[in-house]
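Summary of the model geometry
So the chains spell out like this:
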Amino acid sequence: MTSLSITESSIPDLTGKTAVITGGARGIGLGAVQVLLDHNARVFVLDVLPIADDVAASKVTFIQTDTSSWLSLVDAFTAITTEHGSKIDIAIANAGVWNDPYLEDCLTPAPTDAAGWSALKDNKPATEACVEVNLKGTMNFVILASKVMKTQEKGGSIVVTSSSTAYFAEQQMPVYTATKAALVGLVSALRSTLPLHKIAISAVCPSAVETAMIPTMFIEALKGLGLPIATTRHVGLALVYSATATQNRRVEDYGKDKPVPEDFEERWNGRVIHAIGEEYWEVEEKLAETRGVWWGEKNLKLTEKQRVVSDLREV
Ligand SMILES: NC(=O)c1ccc[n+]([C@@H]2O[C@H](COP(=O)([O-])OP(=O)(O)OC[C@H]3O[C@@H](n4cnc5c(N)ncnc54)[C@H](O)[C@@H]3O)[C@@H](O)[C@H]2O)c1
């Protein structure tokens, strides 16, 4: 993995730039909002919760939005682009929940009679919220942001908040883990096509961050062991960096891609930053580089050939 140095001075002046962020009312999202504001961006916050008064007094427009609802998301994008007549340079899909009693549901014994099974019909698994917000809400947000950015001369950058659980499964959180891994899959699947439309997409995977989402007991246990806990500002910086940085090589070539020229420069794309404690690490390039080791050299060659066949892009 590659260590990254990201500081306040890594973020450019964002005067004239507009950012839209979900889940920006508190926690990591609020951390990113504060970074964006400190660097002079205009910010739209889409959240189910209202924003604090001191944030509302700044260059922030709050639009109450439930990202798990397609209609609510479409209303929010309508308001941003028509009512406010705004473009979108940066779109950050950050809203998430971690209510995940899936394991408990799996291990609760089956009913023993028809009446018990019937009662189960009215008991939808509570983990659906995790899928609706973390996965479907993010996927739908990416669709709407891409639509807007595709119409813009300069395109834009989309960043997704995933989680370290995407790479390091958390046994108590199977569905949360699955949704966050799916987001990394989404980013890596889109990284070779969206840039053809001047749209970059990347993700940030935080390890533990002290927010309302994480039970205090857990945070205290980590602190007790001296394990790293990131601040919301630290992760916010990684999110904004991902939306504003550039790269001079791709994570990997896909299908019919030709190697990039020496003077290559494009928006930060297809990468995942792991934010842990006070550090940042880029994960995807090393994973791509070592495919031969963990996928097998022979299988790598076969899969690469398969990708050339299924590559429908005109590159
Ligand atoms: N805190 C951590 O340790 C940690 C670690 C890895 C990843 N993450 C991820 O970071 C993101 C932010 O989490 P956080 O720790 O700041 O939690 P948080 O609970 O403090 O903030 C989450 C925000 O998302 C909003 N939200 C939730 N559901 C929503 C919906 N349906 N529509 C709109 N807004 C909604 C909440 O109102 C809240 O403002 C999440 O995607 C989470 O999975 C957090």
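Looking at an unreviewed UniProt entry, one finds the protein chain named NAD(P)-binding protein and attributed to Lophiostoma macrostomum CBS 122681. Its UniProt record gives the protein chain the following Sequence similarities (unreviewed entry) comment, quoted word for word: "Belongs to the short-chain dehydrogenases/reductases (SDR) family."

In this section: the overall build of the protein chain. Scanning the protein chain for helices and strands turns up twelve helices and eleven strands. Taking 2.2 N^0.38 as the reference for a compact globule, 315 residues should give roughly 20 Å; the C-alpha atoms of the protein chain span a radius of gyration of 20 Å, in line with that estimate. The burial tally for the protein chain puts 46% of its 315 residues in the buried class. The distance from the centre of the 29 positive side-chain charges to the centre of the 38 negative ones in the protein chain is 8 Å.

The residue asparagine 40 is not glycine, and still its phi comes out positive at about 75°. Looking at where asparagine 40 falls in the secondary structure, it is placed in the loop between helix H1 (27-38) and strand S3 (42-47). Positive phi, normally seen in glycine, also occurs at lysine 198, with a value near 60°. Inspection of the secondary structure assignment puts lysine 198 in the loop between helix H7 (174-190) and strand S7 (199-206).

Attention now moves to the pattern of salt bridges. Evaluated as defined, the whole model comprises 18 salt bridges. A salt bridge links arginine 249 to glutamate 285, with the nearest nitrogen and oxygen atoms 2.6 Å apart. Of the two residues, arginine 249 sits in the loop between strand S8 (246-247) and strand S9 (266-267) while glutamate 285 sits in helix H10 (residues 284-289), which places them 36 residues apart along the sequence. For the salt bridge of arginine 313 with aspartate 311, the shortest nitrogen-to-oxygen distance reads 2.7 Å. Of the two residues, arginine 313 and aspartate 311, neither departs from the other in class, the shared state being buried.

Looking at soluble globular proteins, one finds that nonpolar side chains tend to be buried together. One finds Val33, Leu36, Val43, Val60, Ile273 and Tyr280 to be the most contacted residues of the largest nonpolar core, which totals 38 residues. Going through the elements one at a time, strand S2 (18-22), H1, S3, strand S5 (90-93), helix H9 (232-244) and strand S10 (272-276) are the ones with two or more residues in this core. The contacts of valine 43, once residues within four sequence positions are left out, are Ala19, Ile21, Val33, Leu36, Leu37, Lys59, Val60 and Thr61. In this structure, Leu73, Ala166, Val187 and Cys205 belong to the second largest nonpolar core, which totals 31 residues.

Turning to the packing of helix H3 (residues 70-83) against helix H6 (residues 128-150), a few remarks are in order. Packed helix pairs are characterised by how far apart their axes lie and by the angle those axes make with each other. Between H3 and H6, the least distance of the axes is 10 Å, while the angle of their chain directions is 30°. As the angle between them shows, H3 and H6 are arranged roughly parallel. Considering only the axes of H3 and H6, their crossing is right-handed. Counted together, Trp70, Leu73, Val74, Phe77 and Thr81 of H3 and Gly137, Asn140, Phe141, Ile143, Leu144, Ala145 and Val148 of H6 form the full contact between these two elements. The residue inventory of the contact of H3 with H6, partitioned by class, reads nine nonpolar, three polar and no charged.

This brings us to the sheet that holds strand S4 (residues 60-64). In space, the nine strands of this open sheet follow the order S1-S11-S10-S7-S6-S5-S2-S3-S4, with mixed pairing throughout. In the strand order of this sheet, the two ends are held by strand S1 (2-4) and S4, each with one partner. The average undirected angle you get between the axes of adjacent strands in this sheet is 20°. The pairing of S2 with S3 spans five bridges and is parallel. Residue pairing for S3: threonine 22 is matched across the bridge by leucine 46.

So, how was this worked out
Residues numbered from 1 in each chain as written. Predicted model: local features only at pLDDT ≥ 70, side-chain atom pairs only at ≥ 80, totals over all residues. Heavy atoms only, no water. UniProt positions renumbered as here; feature names shortened; annotations may be inferred. Helix = DSSP H or I, 4+ residues; strand = E, 2+ residues; numbered from the N terminus. Rg over C-alpha atoms; globule rule 2.2 N^0.38 Å. Buried < 20%, exposed > 50% of the residue type's maximum accessible area, 1.4 Å probe, protein only. Lys, Arg positive; Asp, Glu negative; His and termini not counted. Charge placed at Lys NZ, Arg CZ, Asp CG, Glu CD. Salt bridge = Lys/Arg side-chain N within 4 Å of Asp/Glu carboxyl O. Core = buried A, V, L, I, M, F, W, Y, C linked by side-chain atoms within 4.5 Å. Contact = heavy atoms within 4.5 Å. Axes fitted to C-alpha atoms, helices over the stretch in contact; angles between N-to-C directions. Parallel < 35°, antiparallel > 145°, perpendicular 65-115°, else oblique. Left-handed = near helix turned anticlockwise from the far one by under 90°. Nonpolar A, V, L, I, M, F, W, Y, C, P; charged D, E, K, R; others polar. Pairing = 2+ DSSP bridges.

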